[in-house]
Amino acid sequence: LATPDHPLRDLHQRRERGHQRHQQVGVTQCQDFERLFRVFCSDLFKQGGEVAEPASATRLSSDIGNIFHNGQFTDCTIVCEGREFKCHQNILAGRSSVFDAMFSHDMEERRRGNVDILDLDSDTVHDMIIYIYSGKVGKLVGKATGLLSAADKYDLKVLYFDLLWILKSYQQ
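Just so it is clear, the model here is predicted, and its values are computed rather than measured.

The rules behind each value
- Residues numbered from 1 in each chain as written.
- Predicted model: local features only at pLDDT ≥ 70, side-chain atom pairs only at ≥ 80, totals over all residues.
- Heavy atoms only, no water.
- Axes fitted to C-alpha atoms, helices over the stretch in contact; angles between N-to-C directions.
- Helix = DSSP H or I, 4+ residues; strand = E, 2+ residues; numbered from the N terminus.
- Parallel < 35°, antiparallel > 145°, perpendicular 65-115°, else oblique.
- Contact = heavy atoms within 4.5 Å.
- Nonpolar A, V, L, I, M, F, W, Y, C, P; charged D, E, K, R; others polar.
- Phe/Tyr/Trp six-rings, centres within 6.5 Å; stacked < 30°, edge-to-face > 60°.
- Buried < 20%, exposed > 50% of the residue type's maximum accessible area, 1.4 Å probe, protein only.

**Student:** It is not clear to me how the packing of helix H7 (residues 122-134) against helix H8 (residues 140-153) should be interpreted in this structure. Could you clarify?
**Tutor:** Helix packing for two helices is described by the angle between their axes and how far apart those axes are. Look at H7 against H8: their axes get within 9 Å of each other, and the N-to-C directions meet at 70°. Classified by the angle their axes make, H7 and H8 are roughly perpendicular. Of the residues in H8, those touching H7 at Thr124, Asp127 and Met128 are Lys143, Gly146, Leu147 and Ala150. A per-class count over the contact of H7 with H8 returns 3 nonpolar, 2 polar and 2 charged.

**Student:** Just to check I follow, could you spell out the packing of aromatic side chains for this structure?
**Tutor:** Centre-to-centre distance and the angle between the planes together describe a pair of aromatic rings. Scanning the entire structure with this criterion turns up 4 aromatic pairs. Between Phe68 and Tyr133 the ring centres are 5.1 Å apart and the planes differ by 40°, which places this aromatic pair in the tilted class. In this pair, Phe68 is assigned in helix H3 (residues 55-70) and Tyr133 in helix H7, connecting sequence segments 65 residues apart. With respect to class, Phe68 is no different from Tyr133; both count as buried. A centroid spacing of 5.4 Å and a plane angle of 85° characterise the contact between Tyr160 and Phe161, whose relative ring orientation is edge-to-face. Given the relative accessible area of 51%, Phe161 is considered exposed.

So this is what it looks like as structure tokens:
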């Protein structure tokens, strides 16, 4: 919590302000607030201090990721360095404003159902697609620089800022 951009800094500051307010009101209300805060945090964190996802979000992420892996009902192909990735326009467009523009307007990618990516390597494109479908990428630290370019080019803001935070953390 010591760093200014820590994800829980705001929550901690609100807790502290609430604690100070409750000192003025009375000990019982302060204890109630502390109890609620502990319950909230126990649901928020896994063992080891990692932020936990609700079970439904984890399941959704897994299910959508499986849609990519099973390849059913695909309606477009991303091609990079000779590799073809069968995808779904609605998922790509829902996660990226760049893909949304490609598939919403009368562009070549929409007419052909193909997106050729020439300026990224195929492993990076694969990881970007995995992120688009599941919201996760394994071993981000080793892939951060390449994925940062992909996240910037395809307007994947959350991935972009996660990667910036990782890169910043490793520079210090």
